[in-house]
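Tertiary structure, described
In case you want the letters, here they are:
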Amino acid sequence: MSHWIIAPVVVPALVAAFIVLVARFDLHLQRTVSIAATIGLLAIAVGLFLLAEDGIPRPYLLGNWPAPFGIVLVLDRLSALMLLLAQILAVAVVLYAAAGWDRQGRHFHALFQFQLMGLNGAFLTGDVFNLFVFFEVLLIASYGLFLHGAGAARLVTGFKYVTVNLVASTLFLFAVGTIYAVTGTLNMADLAVKAGQVGPDQLGLLRTGVALLFVVFAVKAALVPLHLWLPGTYGVACAPVAALFAIMTKVGAYAILRVHHMVFGGEAAPAAGLAEPWLVPAAVLTLILGTLGLLAARSVQRLAAFSVIASMGTLLLVLAVPGPDAHAAALYYLLHSTLAAAALFLLADLLAERRGSVRDELVAAPAFPQLDLLAGGFLLAAIATTGLPPLSGFLGKVWILDVLRAHPVWPWLWAAILATSLLAVLAFARAGSLLFWKSTAVGATAEADPPPRARPALPLVATAVLVAAPVLLAASAGPIARNLEATAAQLHDRAAYVEAVLGPQRLARAGEE
Amino acid sequence: MNLALIALLPFLGAVLPPLLIRSGRNVCALATGAVTALALALLLVQAPAVFRGEVVRASFPWLPQAGLEASFFLDGFGFFFAFLILAIGLLIVTYARFYLSREDPMGRFYAFLLLFQGAMVGIVLSDNVLLLVIFWELTSLSSFLLIGYWRHLPEGRQGARMALVVTGAGGLALLAGLLLLAQVAGSYELTTILTRAEAVKGSELYLPILLLVLAGAFTKSAQFPFHFWLPHAMAAPTPVSAYLHSATMVKAGLFLMGRLWPVLSGTEAWFLIVAGTGLLTMLIAAWIAIFKDDLKALLAFSTVSHLGLVTMLLGLGTGTAALAAVFHVLNHASFKAALFMTAGIVDHEAHTRDARRLGGLLHLMPITGTLAILASLSMAGIPPLNGFLSKELMLEEALHTEWGGTGRLFPILAVLAATCSVAYSFRYVTHVFLGPVRDDYPHRPHDPPAGMWLPVALLVAAVVLIGILAEPVAGPLVRLAAEAVTAGAAPEATLKLWHGVTPALVASGVALFAGLVLLAAFGPIVRLREALWRPEAKRMFEATVEAVATGARAVSEAIHDERLQRMVAWTLAAILAVGLVTGWGGIGTGERPGLPVAPLGLLLWAGAIAAALAVALFHHQRLLALIVTSVVGLIVSLTFVWFSAPDLALTQLSVEIVTTVLLLLALNYLPRESPRESTPARRGRDVAIAAVAGLGVTGLLWAILTSDFAIPTISTYHLAESKPGGGGTNVVNVILVDFRGYDTLGEIIVLGIAALAIFAVLDSTFRGTAVQRLRTWSHEPEAADRHPMMLVVATRIMLPLALMVGIYIFFRGHNQPGGGFIAGLVVGVALIVQYMASGWAWARARTRIDYHALIGFGVFVATATGVGSWLFDRPFLTSNYGYFHVPLLGEVELATAMLFDLGVFSTVVGVVMLVLANMARVAARAEPQTGVPTAMDSVPEPRLADERITTTAPVPVPERTRQEA
Amino acid sequence: MEFLVASAVGVLTAVGVYLCLRGRTFPVVLGLSFLSYAVNVFLFATGRLVVGRPPIIDPAAPGYTDPLPQALVLTAIVISFGMTALVVVLALRAFLEAGSDHVDGREPGAEGRR
Amino acid sequence: MLARLLPHPLLTLLLTVVWVLLANGPSAGSVVVGLVLGIVLPLLTRPFWPDRPVVRAPATVVEYALVVLWDICVANVQVAYLILFKRPEELRSRFLVVPLDTLVPEAIVTLAGTITMTPGTVSCDVSADGRALLVHALDAPDPEEAVATIKRRYERRLLEIFG
Amino acid sequence: MIEFAVAVGFAAVGLGTIFCLIRLALGPDAVDRALALDTLVVNAVALIMLLGIAQATAIHFEAALLIAMLGFVGTVAFCKFMLRGDVIE
Amino acid sequence: MSGALLPWLGELLVTVLLLAGSFFIVVGSWGLLRLPTFMQRLHGPTKATTLGVGGILIASMLFFLFTEGRLSVHELLITLFLFLTAPVSAYMLAKAHLHRARLDEEVPPTGRPVGWATFDPAASDPDPDRSLRPDRAP
Ligand code: NA
Ligand code: NA
């Protein structure tokens, strides 16, 4: 049993505790520790990713209690992938924030580390109630990060964000309670087994619990009409936080994959296929509303926020298609859309920082420093986000179009995806030409130039990392896709998962006593 | 390998110009030219093979899961186009070096140009259809960048966006079409697809495929009604217009139709759509071109017209027509690129390209004038120039084409188009170059440096040479390409000037004559045209886009209006919908016998329900609502006591108290009453939602409570293992600190984060508007004494007692109800009472604990306890316990779980205190700053503010003095 | 008793839902508290209603109620406490900053810039 | 030294007793632990109880407790009678002012608490200078007598205890 | 005999609870309601002790202890709020 | 409930205490409900209830002593805490009432140069130590 499996949870927890305990008054030390820890976590995530490459799910029995009685973490390809994605994003975000955003409020780095802990915990856990706990960890950390720097808009929006999520959290408990009542277990592997043994009388209860759980994840994933909280939240969060939030919606998608497709999916499970009839129309609506929002956006950050919604629409559409093929495509799109959206959020902030009082609003304003550089970054991010070739957005979309053929109403889905792509192109073309072209026509900065502030390179580097991601994802699409196929295949190999978690370990414990 | 390199070279080379521009414009241009030349050389290396009839291929895996491979192939058609693109590209690079002014950022220009070049070459070399789409869209993108190159020009921005949207839309349609085509043909590789003509044409998806593919081709090649973007793309620098919008990019659509000719052409639909659209486009655009005063606009519409011509030829579906099409592509590329460049020279020299302000330029710039006239004549179809040859072939084909049930309509329309073509070509010649020299040019023009006219001269030389020696010069290439289009069926036609007096020649003559007449009557015809309705395509497009954007904004902002009530209502509605639809019929009452109803239970039930409903009814009075809510909390605690959950009862009780204090602290600064503002309809809706939710939950729980579940729960294990495995008899506590200690770790971290977040949020209170609001906050009349004596004294005795109880509960928890969490709350509440009695500053000054550190310590201890088990190579949080004999105390049980619980305890105390202390700090800040200075004034300033007081007890407390009254 | 508990949880839920739909922050906070009461009792009740059999190991005990839901509820109570604390503070801060305790940060009818 | 170690000896005693009660009975272990806690906790919480009232007559404490308990029992019956059988308008409810002789806050508070715990009277407030107690009596036909009883039965003993 | 007394006790607590709830409903002032709540809390201690006797278990001791010790905090907080607005000042 | 071990006297004692406690609980709550003014209502619960609960607690103590032969002294502790806290509640409730009902004119004068703490600003010393000190200068 490799103790490294728990490291993505324990390390940030200890680092955050250390920051609160020791480094509270020393921002410099906080930064150093936080950055070092995040990079260390990335290394660990890479290690775990390589470890998971052998395709064997690795359970980690917390407290050395046998599954399903204790809590178990499971490292498989999917959790390793999500860990890796989260840490990559985290490194970019922490580098970006360390250039000054972390000064805007208190406890940025502690909250950031806790946020990572919550994310990593949610990805690793093999227990539904523990998933709830780590959802709460990542949510409350996200509340804290969201409110970082405060301000009226953020506080008012924060209240909404928290309220909606608290309603969702309540629902989570209702759902888990129902599932526990019927199955008597919380362990995911055990649930997969027990779900098949539920008698016909209680099947309705189980199905209700599972469906309600789906709604919880759909709130996180911003599925229409559960998405209303997102634009405001992502639109006013401070840039690095918004960038980090790019993965929060994906947690919802991950949970749907894990719980609805793995635990309760497949042939054996009576709860299979619950969500699909709802999911397709809702996902299409999500895609459409997200795209309309792109056209409606009045600032780059809102543009980025709506791009998250649109991308979730696409992603959830694929999740409506059962089977590993579709899910491999979904995972590719998930990787892409997370990093691309994060890049956009950071770009929005770089722009806001340079454009004076108009911030990142989509209005013409005088030219600003490093315009060409940001224009280039924006162009790449826009290409990626709208799904234009040759970046990962396009590849992801093509792959998705391909797998959607398995869906009965695929022509409509194709039409939706392609039409919204066009509108997205329109929206980004308008925004980009306004920001980078029209601005130059406004004339030179009339007002006296503010004293040339030193522009730290760190944010540019962090943004560049994210902007480069879609390029790299596209360039190495082949190997990545092979990995994702294996990941999706493993996700659907329920028997292997169950055996890995429940099988030999139970014997081992007995032998040890 | 080489093939891929031809396409990739320009992409790789695109980094050079921006880097080299620092070394000078010449170096920059030379590097760009070198890249192009190298690509051209690589292409020519393949020529022998291609001319031998081989198909050169190269393939690399990319994303096979989606059918995408980086596979290229080179046949005659591809070679033909690639040659055009690179060769003309070389000329454009040269021309642009001299065309661009010093102010224009040349590095960026050449970079974009090379990107475009690469994309274009990529299209024509792609074997994989998805790869083709990638390059296809890249041309849209790079063209977007090039059109918007002069970013200060609004026309440039609008033109660029329009081009991107129209061609981008076509690209998306093309993507869909090609995906379907690949599905039908069973392969993504063109080389394979082209062999599956029967399968494709026989498929029920043929028509969708055709429409989608043509949508791509027509938008790219500016076919009616998608033609409108091209003239507006003329805002680009002229080299761009010459290259993209005449010679290459717009030909991509033609290329595609040619490429897919074997699998798509030859059907009725193909003929009707392609030939019909081509003919219409040819005619309409030629008519419009006549009247364009802007030379580039004139050329742009003429380009549209010629693209229509080629489209029409391809639509005819015959081998000869295909040959003519290929030939005309070549011819048009040569004379139109030349013409654009001359227009650019005129613009460059005379500082205008308005035909109305020009004339007589032949005298001032003889070289340019001569070249322009030659190219124009070719465009008009005058022998012996190459335009004549292909136009003859076109007319020949048109003459025996039946359309609309008659064999007349088609030729007549074709001749009409040719007529217009003559008219605008001659207008370009006469209105710009002929006539007397004027003295009102914005700038007196003369011939440009050789670098600018030499490329034109080379093209015009080709125009003349091909015209005179068609077969030897262009024959092999054109034939090679045409055979590739027709998939081997050798087209029957010879490329030569003189075929005898054919009907086509007659038609040509008619067109020439009519065209000249038309031009002679230019003035009246302009007036006639101005009287006619002319749809303004750009305005319509802009209006449409604006409407879409406005509509989108209206919809989006109506939906995303950020109103919480809507968010919650929709969330709940969705939950209820899903819950009811899944649960309906599937959930029902089970057979499990229940507990008899106890009268007192009934009473508590009634009390809870009455209290809850009262809160709902009277929530406007907030204090009242809070008091009544406490009743509900109390009854919930009693429920836990009743049903064998002592730990829950304890937790609920203590949490309740802390929450109440917290809510009261907040309420102090909130309005004491809520206004009654929701409409009856809204309330009705909310009651309905609430009622459904309540009924749903009742039904769900009722079903659960009355059902007998066959599956044993995992907690039988917990009950069995609690004592032997976990060392405690309080199973709930053992679950919390051992079986599921990991949950608890997460839970205390949630608390810790909450406290940190609250601290951070409150910390910002002391800046900005909030301070002002706090200072001016009008309090209700207050009672006089802050610290009621009885409370103060009582709490001083209570504190040590409560601490003792806390310790007791802590140590008992493993075996009896209690534990670290409850103990922490008890201690926290005891401290809160101190704060309430004696005030924040007083109590804080006497608490030496740093609450932050307490939280950090708690999380650290709990986590470290978990990590400690690694030392014994046991998983995280593995517990251990043992019994030790201590004198006087007897058997003492020590468990690592207790250490973990200590972490829990510490965190809870820290959290409760940090939160409340900071809430109190807000209040302290809001105190009207009057009278004696208080401890609150010494709160450190915001920048460094912490809940820690740096200076404690600033008020000197004199020794207790006794005074008799 | 089962029906009493089920219906009481239903009423608590309904009241919580109703309050969450109000337009001012304070009732919403109360509503969230009610939802948390409701779900805590719900979760607890999934271990069934058992009188006089607390899960404290005792050789003389006739049996025990299901301890696991109790542990889960404890966790849920604690978490919802943290959340409530945060949301209360947020309500307060939003009011101080925006000058209105309306959930949308501006008085209804008042012109608000998005 | 001892005063420093035991800032409130009575509190130490009380805490020890409470611990023994918590442990549900005296045993060597519980007394030892109780004593340790009884010493440690007052030390920890000393800042919160800065004054050190000196108990001069420990024996009177017991006497006082017994008197109070007796009064509680007796008066409870009287008050029950009043509540059950007297019509509210017949009750001669009124505020009483009890002038205070003691100056020790702990004594004042003990007195106020005693007054509240013995039925029929509730301590409501002290004067701003801490020299008078406002008491509400449920049924006080003779206010002077009631005040005098309070001072005689309770305050006198408290003065003895706290000086 | 004790069963009877316990039953009477339950009835008494029930009756007391009803009276408190009615007072809670009637008010008229918030102080009355706070008083009613305070009384309810004390009744709850009695109820828990009665439960202990009825079930012959000491398991409820901590609950009763906690209510007895901390129950007044809520009342104090409400009163402090009514007196000063600021609970901790 | 095993009556066999319980001596008759003990059983009687427990019963009597239980009944008495019950009686006072009802009386206290009844007073809360019935009495017309707040100050009168305050008398009911804070006393009768306390004694009522006290009775039940003693009964419980004796019950465990007689049935299980062990002395349960926890009940004493509960009583202690109730007796410690109940006067504080009552005091605070009374003050809150005085304040909210604006009774500064109705209550008799203190007989001192200063007024009652609830009303006299002299009592509003931010330092609790000083405000505790009787005779503090206004
Ligand atoms: Na827990
Ligand atoms: Na516990």
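Heads up: the structure comes first, above all this text.
Just so we're clear, the structure is a prediction, and the values are computed from it rather than from any experiment.

In this assembly, 10 pairs of chains are in contact, and the pair contributing the most contacts is chains A and B. Here chain A and chain F are not in contact; the least distance found between their C-alpha atoms is 30 Å. Taking C-alpha atoms as the reference, chain C and chain F come no closer than 13 Å and do not contact one another.

All told, the structure shown has 59 aromatic pairs over all chains when counted by the stated rule. Ring centres 6.2 Å apart and planes at 70° place the aromatic pair Tyr717 of chain B and Phe739 of chain B in the edge-to-face group. Linking Tyr717 of chain B in helix H32 (residues 715–726) with Phe739 of chain B in helix H33 (residues 731–739), this pair joins segments that are 22 residues apart in sequence. Comparing Tyr717 of chain B with Phe739 of chain B shows no difference in burial state: the two are buried. When the centroid spacing of 6.2 Å and the interplanar angle of 80° are considered together, the rings of Tyr64 of chain D and Tyr154 of chain D count as edge-to-face. Here the residue Tyr64 of chain D occupies a position in helix H4 (residues 58–85), and Tyr154 of chain D occupies one in helix H6 (residues 143–162), the gap between them amounting to 90 residues. Taken together, Tyr143, Phe146, Tyr161, Trp229, Tyr234, Phe245 and Phe345 of chain A form an aromatic cluster joined through their ring pairs. We note Arg97 of chain B situated over the ring of Phe98 of chain B; from NZ or CZ to the ring centre the distance is 5.1 Å. Note that Arg22 of chain C overlies the ring of Tyr18 of chain C, its terminal NZ or CZ placed 4.0 Å from the centroid.

Tracing the backbone through its elements, the reader meets His787 of chain B in the loop between helix H35 (769–775) and helix H36 (789–812). Distance from His787 of chain B to Met836 of chain B, taken between C-alpha atoms, is 8.0 Å for residues 49 residues apart in sequence. Sequence-distant contacts of His787 of chain B, that is, excluding residues within four places in its chain, are made with Val792, Ala837, Ser838 and Gly839 of chain B, Glu89 of chain E together with Asp125, Pro126, Asp127, Pro128 and Ser131 of chain F. Reaching out from His787 of chain B, the side chain makes a polar contact with the backbone oxygen of Ala837 of chain B at a distance of 2.9 Å.

A few words now on H6 of chain D. At 3.6 residues per turn, the α-helix brings residues three or four places apart onto the same side. Residues and elements named next belong to chain D. Compared with an ideal rise of 1.5 Å per residue, which puts 20 residues at 28 Å, H6 spans 27 Å between its outermost C-alpha atoms and is within 8% of the ideal. At Glu155, H6 is bent by approximately 35°, the largest bend along its length. When H6 is considered as a whole, its buried residues turn out to be Ala146, Val147, Ile150, Tyr154, Glu155, Arg157, Leu158, Ile161 and Phe162. Buried residues belonging to H6 abut H4, strand S1 (94–99) and helix H5 (105–117). Where H6 terminates, the next one or two residues include Gly163, which has phi positive at roughly 75°.

Moving on, we get to the state of the cysteines. Scanning the entire structure with this criterion turns up 0 disulfides over all chains. Not part of a disulfide, Cys124 of chain D finds its nearest cysteine sulfur in Cys79 of chain E, a span of 12 Å. Classification of Cys124 of chain D as buried rests on a relative accessible area of 0%.

The next thing to look at is the coordination of the sodium ion (ligand 2). Residue and element names in this part refer to chain B. Protein coordination at the sodium ion (ligand 2): the donors are Asp647 (OD), Asn733 (ND2) and Gly818 (O), at 2.0 to 3.2 Å from the metal. With a relative accessible area of 3%, Asn733 lands in the buried category. For Gly818, a relative accessible area of 6% gives the class buried.

What follows deals with the interface of chain A and chain B. On the side of chain B, 118 residues touch chain A, which itself brings 132 residues to the contact. A per-residue breakdown of the area chain A buries against chain B is headed by Trp65, Arg106 and Trp437 of chain A, which together make up 8% of the total. Our count for the contact surface shared by chain A and chain B stands at 8 salt bridges. The shortest N-O distance in the salt bridge between Arg302 of chain A and Glu562 of chain B comes to 3.4 Å. Scanning the region where chain A abuts chain B turns up 33 residue pairs in polar contact (both at pLDDT 80 or more). For the side of chain A that touches chain B, the element with the most residues is helix H17 (residues 410–441) of chain A, which contributes 16 residues. Classifying every residue of the side of chain A that touches chain B gives 86 nonpolar, 25 polar and 21 charged.

The partner chain E presents 42 residues to the 58 residues of chain B that form the contact. For the pair chain B and chain E, the summed buried surface comes to about 4500 Å²; carbon and sulfur atoms form 82% of the total. Summed over the shared surface of chain B and chain E, the number is 3 salt bridges. Put simply, Glu782 of chain B and Arg84 of chain E hold a salt bridge, and the shortest N to O gap is 3.5 Å. In this structure, the connection of chain B to chain E is made through 7 residue pairs in polar contact (both at pLDDT 80 or more). Looking at the side of chain B that touches chain E, the elements with two or more residues in it are helix H28 (599–618), helix H29 (622–642), helix H30 (646–667), H36, helix H37 (820–838) and helix H40 (896–926) of chain B. Looking at the side of chain B that touches chain E, the element that brings in the most residues is H29 of chain B, giving 11 residues. Looking at the side of chain B that touches chain E residue by residue, the classes come out as 44 nonpolar, 8 polar and 6 charged.

Residues and elements named next belong to chain D. In terms of burial, strand S2 (residues 121–126) is a largely internal element, 6 of the 6 residues being buried. Of the pairings in the sheet, the one linking S2 to strand S3 (residues 132–137) comprises 5 bridges and is antiparallel in character. When the bridges of S3 are listed, Ser123 appears paired with Val135. Hairpin connection from S2 to S3: 5 residues lie between these consecutive antiparallel strands, with Gly130 at a positive phi of about 70°.

Here the sodium ion (ligand 1) is held by the protein donor atoms Thr744 of chain B (OG1), Glu747 of chain B (OE) and Thr75 of chain C (OG1), which lie 2.2 to 2.8 Å from it. One end of the pair, Glu747 of chain B, is in helix H34 (residues 741–763); the other, Thr75 of chain C, is in helix H3 (residues 67–98), on a second chain. We note that Glu747 of chain B, like Thr75 of chain C, is buried.

In this section: the packing of H30 of chain B against helix H2 (residues 25–45) of chain C. As a packed pair, H30 of chain B and H2 of chain C sit with axes 12 Å apart at the nearest point and diverge in direction by 175°. One element, H30 of chain B, and the other, H2 of chain C, form an angle in the roughly antiparallel class. Between H30 of chain B and H2 of chain C, the residues in contact are Leu648, Gln652, Glu656, Leu663 and Leu667 of chain B and Phe26, Val29, Leu30, Tyr37, Asn40 and Phe44 of chain C, respectively. Of the residues belonging to the contact of H30 of chain B with H2 of chain C, the class tally is 8 nonpolar, 2 polar and 1 charged.

What follows concerns unusual backbone geometry. Cis rather than trans, the peptide bond between Ala67 of chain A and Pro68 of chain A has omega equal to 5°. If you trace the backbone, Pro68 of chain A turns up in the loop between strand S1 (58–61) and strand S2 (72–75). For the peptide bond that leads from Gly27 of chain E to Pro28 of chain E, omega is 0°, which places it in the cis range. Of note, Pro28 of chain E is situated in the loop between helix H1 (2–26) and helix H2 (30–55). Although it is not a glycine, Ser644 of chain B adopts a positive phi angle of roughly 65°. Looking at the secondary structure, you find Ser644 of chain B in the loop between H29 and H30. The exposure class of Ser644 of chain B is buried, given its relative accessible area of 2%. A positive phi angle is found at Ala56 of chain E, which is not glycine, with a value near 50°. Note that Ala56 of chain E resides in the loop between H2 and helix H3 (61–84).

Calculation criteria
Residues numbered from 1 in each chain as written. Chains lettered and ligands numbered in written order. Predicted model: local features only at pLDDT ≥ 70, side-chain atom pairs only at ≥ 80, totals over all residues. Heavy atoms only, no water. Contact = heavy atoms within 4.5 Å. Phe/Tyr/Trp six-rings, centres within 6.5 Å; stacked < 30°, edge-to-face > 60°. Helix = DSSP H or I, 4+ residues; strand = E, 2+ residues; numbered from the N terminus. Buried < 20%, exposed > 50% of the residue type's maximum accessible area, 1.4 Å probe, protein only. Lys NZ or Arg CZ within 6 Å of the ring centre and 35° of its normal. Polar contact = N/O pair within 3.5 Å; in protein donor to acceptor, adjacent residues only side chain to side chain. Expected span 1.5 Å × (residues − 1). Bend = angle between axes of the 7 residues up to and from the residue. Disulfide = S-S within 2.5 Å. Donors = N, O, S within 2.8 Å, 3.2 Å for Na, K, Ca; no water. Buried area = accessible area lost by both parts, 1.4 Å probe. Salt bridge = Lys/Arg side-chain N within 4 Å of Asp/Glu carboxyl O. Nonpolar A, V, L, I, M, F, W, Y, C, P; charged D, E, K, R; others polar. Pairing = 2+ DSSP bridges. Axes fitted to C-alpha atoms, helices over the stretch in contact; angles between N-to-C directions. Parallel < 35°, antiparallel > 145°, perpendicular 65-115°, else oblique.

Interpretation note: all reported values are geometric properties and have no functional meaning in isolation.
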